[in-house]
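Fold and geometry: a report
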Amino acid sequence: MARIVMKFGGTSMAGIERIRSVAARVKREVAAGNQVAVVVSAMAGETDRLVGFCREASPLYDPREYDVVVSAGEQVTSGLLAIALQAVGVPARSWLGWQLPIHTSDVFSRARIGEIDTAALDASLAKGEVAVIPGFQGVAEGGRITTLGRGGSDTSAVAVAAAMKAERCDIYTDVDGVYTTDPRIVPRARKLARVTYEEMLELASVGAKVLQTRSVGLAMKEGVRVQVLSSFTGEDAPMADTLPGTMIVGEEEITMERQLITGIAHDKNEAKITLTNVPDKPGAVAAIFAPLAEAGINVDMIVQNVAHSTGSTDVTFTVPGADLPRSLDVLGQAREAIGFEKLVHDTRVAKISVVGVGMRSHAGVASTMFTTLGERGINILAITTSEIKVSVLIEEDYTELAVRVLHTAYGLDAEAA
């Protein structure tokens, strides 16, 4: 008897008919003899609706009350799925975050999970019940409801799987796995059978939206095997352990010769900021990035030009597009301390990344990328690298062309049917 965590996203829970379809899928896992816990998201669009209510009530809302409101969407779907399961003869009950409990920090709207008390959950599973758990929510010390931030249901599912020592965590989404790149841009993109935690973490962090970054990091830390599957296959589809989804696993499980590049991701939600004529002296760069860090703004690519003869230099970096207004405000307030002349920004940029653990043992990955883009007249504005990733910043208009030509250059195109 295996323990399985099944997680269903908002599109899978969007209405009673889809919830009934989810119940039928869960019933099949139970009939196979598995102990099952299900983690659910709110119905598609529901969280945005609740967030809108909070902003309409007051732009300066109390984050503690915000969490009470926005966590309601998952409470509704967990109760509805428990009802649907009972209607098809499957014993089930819903467990809210505070009932298990799922203990979190008290950083409201972006709490982090500390530990999960599984005593009540274990007892429920032992009785043959399916536990239906709302994702995205927990409880802080003192009993206040907390939420984990957007996309937090993936993190909830992985955390529950780790706590109950599940064999795997099946993430059901509107895609049927992880591809070498976005199939909407490259029709010949290939679905990957297995991807390492590190590769998925890099892909998620640079634009691939299949899994939330925090959930992948937690899965890697806890050694939880995660499978990405489509929730829109027919009722006669094979069981999840035989479906051709994508398994996210440790590198030791991928024993065959690794392909050099696993995937190519793109992200248009980037903004480029340039500070001109920054004094070229010790501490100047710290004066730029310290206030941004204090404001909780993540900086990615950084380029510092060669110093001008005037004793100054230009500094360029990128931030998430959503953080651009706050970044400009923070830098404007620090202008005297930094000493820059102009503050220039551009949102018409995109980040293109190639990812693969094969880079560790192969040279020339960056060279291939730069040469391929150069041959197509695509200018590189900034570069950043890690052990298994190379990312470049380019003009947004060239995004799809860059993804297509790099996909071909690294030999990722599927064979023609």
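Let us look at the structure shown here. All figures in this text were calculated on a predicted structure; none of them were measured in a lab.

For the rest of this paragraph, the subject is the packing of aromatic side chains. Summed over the entire model, instances satisfying the criterion amount to three aromatic pairs. Their ring planes at 10 degrees and their centres at 4.9 Å tell us that Y61 and Y66 sit as a pair that is stacked. Taking the relative accessible area as the measure of exposure, Y66 reaches 11% and is therefore buried. Ring geometry for F289 and F317: centres 5.0 Å apart, planes at 70 degrees, overall edge-to-face. Separated by 28 residues along the polypeptide, F289 in helix α9 (residues 284-294) and F317 in strand β16 (residues 312-320) bring together distant segments of the chain. The side chain of R93 reaches across the aromatic face of W95, ending 3.5 Å from its centre.

What follows deals with the nonpolar core. Ranked by size, the top nonpolar core spans 36 residues in total, and within it V5, I133, C169 and V226 carry the most contacts. Secondary-structure elements contributing two or more residues to this core are β2 (35-40), α5 (119-126), β6 (130-134), α6 (152-163), β9 (168-173), α7 (197-205), α8 (213-222) and β11 (226-230). Looking at this core, the element that brings in the most residues is α6, giving five residues. Grouped together as the second largest cluster of nonpolar side chains are 22 residues, M13, V40, A82 and L85 included.

Turning our eyes to something else, we now look at the sheet that holds strand β14 (residues 270-279). Spatially, four strands are ordered β15-β16-β14-β17 in an open sheet, and the strand pairing comes out antiparallel. Each having just a single partner strand, β15 (302-304) and β17 (343-346) make up the two edges of the open sheet. Here the average twist between neighbouring strands, direction ignored, is 15 degrees. In this sheet, β16 lies alongside β15 in antiparallel orientation, the contact comprising three bridges. Residue pairing across strands places Q304 opposite V315, the latter belonging to β16. Those strands touched by α9 are β14, β15 and β16, and its axis lies near 20 degrees from that of β16. Seen against the sheet, helix α10 (residues 324-333) touches β14, β16 and β17 and runs at an angle of roughly 15 degrees to β14.

Summarising burial for strand β1 (residues 3-8): five of the six residues are buried, a large majority. Once the chain exits β1 it traverses helix α1 (residues 16-31) before rejoining the sheet at β2, and the crossover so formed is right-handed. Pairing analysis gives five bridges linking β1 to β9, with the strands arranged parallel. Bridge assignment links V5 to a residue of β9, and that residue is C169.

Cut-off values and rules
- The numbering scheme is per chain: residues are counted from 1 as the chain's sequence reads.
- Given that the model is predicted, a residue must reach a pLDDT of at least 70 before its local features are reported, and side-chain atom pairs must reach 80 or more before they are shown or counted; all residues, however, enter totals for whole chains, interfaces and linings.
- Here the side-chain values reflect all heavy atoms present in the structure, with hydrogen atoms and water set aside.
- For Phe, Tyr and Trp, rings pair up if their centres lie within 6.5 Å, where Trp contributes its six-membered ring, and each pair is then called stacked (planes under 30 degrees apart), edge-to-face (over 60) or tilted (otherwise).
- The rule is simple: take the accessible area with a 1.4 Å probe, protein chains only, and divide by the maximum for that residue type; under 20% is buried, over 50% is exposed, in between is partly exposed.
- The numbering of helices and of strands both runs from the N terminus, where a helix is a DSSP run of H or I of at least 4 residues and a strand a run of E of at least 2.
- Throughout this description, the term charge over a ring refers to an Arg CZ or Lys NZ atom that lies within 6 Å of the ring centre and within 35 degrees of the ring normal.
- We call a set of buried Ala, Val, Leu, Ile, Met, Phe, Trp, Tyr and Cys residues a nonpolar core when their side-chain atoms join them within 4.5 Å.
- In this scheme, strands are said to pair when DSSP sees at least two bridges between them.
- Convention adopted: a line fitted to C-alpha atoms gives each axis, helices being fitted over their contacting stretch, and angles between N-to-C directions are expressed from 0 to 180 degrees.
- Note on contacts: a residue pair qualifies if any of its non-hydrogen atoms lie within 4.5 Å across the two residues.
- Crossover handedness is defined here as right-handed if the route from the first strand over the helix to the second strand goes clockwise, with the strands pointing away from the viewer.

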